[in-house]
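# Notes for the structure review
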Amino acid sequence: GAVTEAVSAVCWKMGTTALIFLTAGSSLGGTSGNMPRRCAHPAPCFGTAPWHELVAEGVPVRDVEPLHLTMRPDSAAQSDPLWLADQPAGMQHSGGMGSISRPGWAAMNSTASKYVELKGSEDASHAVKFAAAHKLVVSIKSTGHDWFGRSARQGSLLLWTHRMTSIMWHDNFTPRGCANNASGSAAVSLGAGVQFWQFYEEALKRQRMVVGGTCSTVGHVGFTLGGGYGTHSRMYGSGATNLLEAEVVLADGRVVAVNACSKEHADLFRALRGGGAGFALVTRMTYRTYPFPAKGTLGIIHGRLGGGVGGNADTVTAGLRRFLLWYGGAVTSGVSKHFGGKLFVYQNYVELQLSYVKLSPIACQSLVVGLGVQCTPTDQDWKENSAITSSFGSDGWLNSWAPDSASSYYTETMSRYFRLDHIQGDHLTAFVNSLSRLARTLPLDYKSFLVVNTIYALGHASDIAVEEAAQTTVHPQVYEAVGMVKLFRREHPFVPAPNEPLNWTYLSNLQLFHRELNNLLPAMGSYNNEGDYTAVNWPELYWGSNYAELMQTQRKYDPMGLFSCFQCVGADPSSGAPYEGPDLRDSSSSSSSSSSSS
């Protein structure tokens, strides 16, 4: 049904041939057209690195077996995100389209050459020291969900954290170096490879409320590094606000525990709370947890607010206005903290998918009476009743919409925060009309989504949600905004060619969204985990006034760019290409690089 199809948006042609062919993935390799300063396969320096030394440290090194994607929708790669997460070469997306000035990327062009399956911080330390000593290109991956393919770089050494799945619960956790406190936080420590299906299973057994994503195969580390917002973030905060401590491996191989009390590394801890990837290799994170809501005070709200068969722009506009008037009122009256979710805006109808928390069904119903929808209590809202398991032998569960996202090819993605004043007074009319117009540019294929999302912004949220706001490094607008407008469009099944041409229809439509939303929401930022691959002002979009601090931290902890990645702090500000440090090449390595790039 439409509801099931619509939820599939969460996990993240013009028939003529394009005139410009761009090599997918080529923008992720070097810096601004310079020769690569780090060593990757097939350069001789990669193959001749003394791999036996790493093996002697107890860290097996294996060759990556590339995946061969097909267009068969029932194949493992096109239908099973759990299986993809279990493959060293697996990426959850087959690629993403670029622009006239920025090549796109393709999974087949982003395959690491060798990998180490990390089991703990000692393994990770040995691997990082080896990569740094031999100036290797590295990539770090747990599940491969990144929209921009940053978890794999062509010819790199992959540091695979997927098997680091330890979970430890604490009744009273005090971060290292902090004063002992008898009333310390209830917390949980997660190995870097834990996915949300694993986390939620354990949390339900212990009846603890935790903050996590809506896609069960996403890993918590990348989620939190970007900020990390879930269904109940307006009540309980984000991954970043709830992070208490992290164990990381620095670029020099040292293993350190960082938290707000760290004498040496408090700046790094701040960077990990929303500053994105590229600072260190995370091996474990510890989060605050909360008592599970009382029985009967948790539930879902699903319903169509307007339109459907025979629907038109007027019904979409009416449904949008109805929701935004309600939501603005909920924010103003202080009850929006109880609700989290999204409104899907299609060309002929709008579909509401919310969850509520800490409300009885009667109290919830009284608050949504103007929407004409029903509050339905549930024991938990992480795993739907129709959840499925892997068809190819991998552990875990998926919500029923997830298979359609496996190996999808992203063609248009962007997001913009909005404040309360953007949906009030005369601004409301402009907001509604603009989104209604934009929705009509997207086909009704349930692979193209325009979404009004309430969970990615914590303005006017609960006191708990924003208690640690000043200690995070996400865009400051997160704590002013009350929601986010998000576009994402994909093809599935689709396998991009190594030189996939630009699709001018998609590119033109993305440019239209840029113009409309920049006019509607001027100077508003974007969520870096679900951002715009084509953006040229990405540092300002993702981090705003926090970028200067983050840049200083990145250069302090990784001056040679070992962990740098596309559109990560410290990358080339125009192209987004990873920072690779000052010129590391001696004459021999330069010669090797030259021969390998011909």
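## Details of the state of the cysteines
For the structure on display, the rule yields four disulfides. Between the sulfur atoms of C39 and its disulfide mate C45 the distance is 2.0 Å. Judged by the sign of its S-S torsion, about 110 degrees, the bond between C39 and C45 is right-handed. You can call C39 buried: its relative accessible area is 5%.

## Remarks on the side chain of D558
Tracing the chain through its elements places D558 in the loop between α18 (547-557) and α19 (587-596). Although D558 is buried, it makes no salt bridge; R38 carries the closest opposite charge, 5.6 Å away. Looking at D558, its side chain comes within polar contact range of the main-chain nitrogen of L562, at 2.9 Å.

## A short note on the packing of helix α14 (residues 425-439) against helix α16 (residues 504-520)
As a packed pair, α14 and α16 sit with axes 11 Å apart at the nearest point and diverge in direction by 175 degrees. The angle between α14 and α16 places the two elements in the roughly antiparallel class. Each of A430, F431, S434, L435, R437 and L438 in α14 lies in contact with α16, whose residues at this interface are L512, F513, E516, L517 and L520. For the contact of α14 with α16, the residue count by class is eight nonpolar, one polar and two charged.

## Overview of the packing of aromatic side chains
Across all of its chains, the model carries 35 aromatic pairs by this definition. Ring centres of Y229 and Y456 lie 6.0 Å apart, and the angle between their planes is 50 degrees; on these two criteria the pair is classed as tilted. Placement of the pair is Y229 in the loop between α8 (220-225) and α9 (233-236) and Y456 in the loop between β21 (448-453) and α15 (463-466), with a sequence separation of 227 residues. Note on accessibility: Y229 and Y456 belong to one class, buried. Note on Y542 and W543: the rings are 5.6 Å apart at their centroids and 90 degrees apart in plane angle, and the pair reads as edge-to-face. Of the two residues, Y542 and W543, both sit in the buried class. Here the aromatic residues W147, F344, Y346, Y349, Y410, Y446, F449 and F488 are joined through ring pairs into a cluster of three or more. Positioned above the aromatic ring of W51 is the side chain of K114, whose terminal nitrogen or guanidinium carbon lies 5.6 Å from the ring centre. Above the face of the Y349 ring, R304 is positioned so that its terminal group lies 3.8 Å from the ring centre.

What counts and what doesn't
Residues numbered from 1 in each chain as written. Predicted model: local features only at pLDDT ≥ 70, side-chain atom pairs only at ≥ 80, totals over all residues. Heavy atoms only, no water. Disulfide = S-S within 2.5 Å. Buried < 20%, exposed > 50% of the residue type's maximum accessible area, 1.4 Å probe, protein only. Helix = DSSP H or I, 4+ residues; strand = E, 2+ residues; numbered from the N terminus. Lys, Arg positive; Asp, Glu negative; His and termini not counted. Salt bridge = Lys/Arg side-chain N within 4 Å of Asp/Glu carboxyl O. Polar contact = N/O pair within 3.5 Å; in protein donor to acceptor, adjacent residues only side chain to side chain. Axes fitted to C-alpha atoms, helices over the stretch in contact; angles between N-to-C directions. Parallel < 35°, antiparallel > 145°, perpendicular 65-115°, else oblique. Contact = heavy atoms within 4.5 Å. Nonpolar A, V, L, I, M, F, W, Y, C, P; charged D, E, K, R; others polar. Phe/Tyr/Trp six-rings, centres within 6.5 Å; stacked < 30°, edge-to-face > 60°. Lys NZ or Arg CZ within 6 Å of the ring centre and 35° of its normal.

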